[in-house]
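Fold and geometry: a report
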Amino acid sequence: MKITEILFASHNAGKIKEIKQMLEPLGISVKSAEDLEFPDVEETGTTFAENSLLKSQTIAKALGKPCIADDSGLCVDALNGAPGVYSARYAPDRDFDKGMDKLLQEMAASNNPSRKAHFACVISLAYPDGTHKIFEGRVEGHIAEQKIVGAQGFGYDPVFVPDGFDKSFAQMSKEDKNKISHRGRAMQKLKEYLSTL
Ligand code: IMP
């Protein structure tokens, strides 16, 4: 059945703007947890899917409407997949400049010379009856030896160089990053699903 209104479990202004721009042309109006003053749902899961579903299912059930949520992070091979679901909390004081220093130091201290890493994103769509759909996106790349700061980006963007490029995510335009990013790819899958309803 076609969805005309969807909730979005986020208080992040950038993400809210992005999802509204993507879904409104499909005739779907988006109301965020911020618009509805719905408090943050605690991310107590150990996987991206668990955390994403915790958020979307809590809100879909509480408010009786379909709800989407996303969870994402950076997974580094030499650190056995860390920081992963803990990417936001890994950064001391939530300062990603400090977080990237910590990451580079921990990689140097590990016995693994691999620089391989990927960003992952899981978007979930939960219905009030408890059913759900999952959309995953992933981008492979490597961790640069040092931060490569650019005009764009947030979080760990300055240390991540996607495969096939010789610049960091922080040096790419928002549009170019979205075409290949974990979130962009998961969003594209969500959009394709919604347009089939
Ligand atoms: P969340 O999905 O909003 O919980 O984000 C988790 C954390 O992963 C963020 O705080 C960022 O540190 C990191 N992260 C997720 N996506 C990106 C990205 O595209 N660039 C840089 N860091 C990211």
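Data block above holds the structure.
Predicted model only: the values in this text are computed from it and were never measured.

A look at the pairing of strand E3 (residues 67-76)
Within E3, 10 of the 10 residues are buried, which leaves the element mostly enclosed by the surrounding structure. For strand E1 (residues 5-8) and E3, the ladder comprises two bridges, and the chain directions are parallel. Note that in E3 the partner of Leu-7 across the bridge is Cys-67. Pairing analysis gives 10 bridges linking E3 to strand E4 (residues 116-126), with the strands arranged antiparallel. Bridged to Cys-75 within E4 is His-118.

Examining the pattern of salt bridges
Going through the model one piece at a time under the given rule, you end up with 15 salt bridges. Across the pair Asp-101 and Lys-147 runs a salt bridge whose closest N-O atoms are separated by 2.8 Å. Linking Asp-101 in helix H4 (residues 96-109) with Lys-147 in the loop between strand E5 (132-143) and strand E6 (160-162), this pair joins segments that are 46 residues apart in sequence. Classification of Asp-101 by relative accessible area gives partly exposed; the value is 32%. One salt bridge in this structure joins Glu-140 and Arg-138, with 2.7 Å as the shortest N-O distance. The exposure class of Glu-140 is partly exposed, given its relative accessible area of 28%. Look at the salt bridges and you will find they share partners, linking Glu-5, Lys-31 and Lys-65 into a network.

Focus: the side chain of His-118
With respect to the helices and strands, the residue His-118 is situated in strand E4. For His-118, a relative accessible area of 11% gives the class buried. Polar contacts involving the side chain of His-118 include one to the side chain of Arg-138, which spans 3.2 Å. Leave out the neighbours within four places in its chain, and His-118 touches Gly-73, Leu-74, Cys-75, Arg-138, Val-139, Glu-140 and Phe-160.

Looking at the sheet that holds E6
An order of E2-E1-E3-E4-E5-E6 is seen for the six strands of this open sheet, with the pairing classed as mixed. A single partner strand is all that each edge strand has here, and the edge strands are strand E2 (29-32) and E6. Each strand of the sheet is rotated relative to its neighbour by a mean of 35 degrees, with strand direction disregarded. Together, E1, E3, E4 and E5 form the strand contacts of helix H6 (residues 182-196), whose direction differs from that of E5 by roughly 155 degrees.

About the cut-offs
Residues numbered from 1 in each chain as written. Predicted model: local features only at pLDDT ≥ 70, side-chain atom pairs only at ≥ 80, totals over all residues. Heavy atoms only, no water. Buried < 20%, exposed > 50% of the residue type's maximum accessible area, 1.4 Å probe, protein only. Helix = DSSP H or I, 4+ residues; strand = E, 2+ residues; numbered from the N terminus. Pairing = 2+ DSSP bridges. Salt bridge = Lys/Arg side-chain N within 4 Å of Asp/Glu carboxyl O. Polar contact = N/O pair within 3.5 Å; in protein donor to acceptor, adjacent residues only side chain to side chain. Contact = heavy atoms within 4.5 Å. Axes fitted to C-alpha atoms, helices over the stretch in contact; angles between N-to-C directions.

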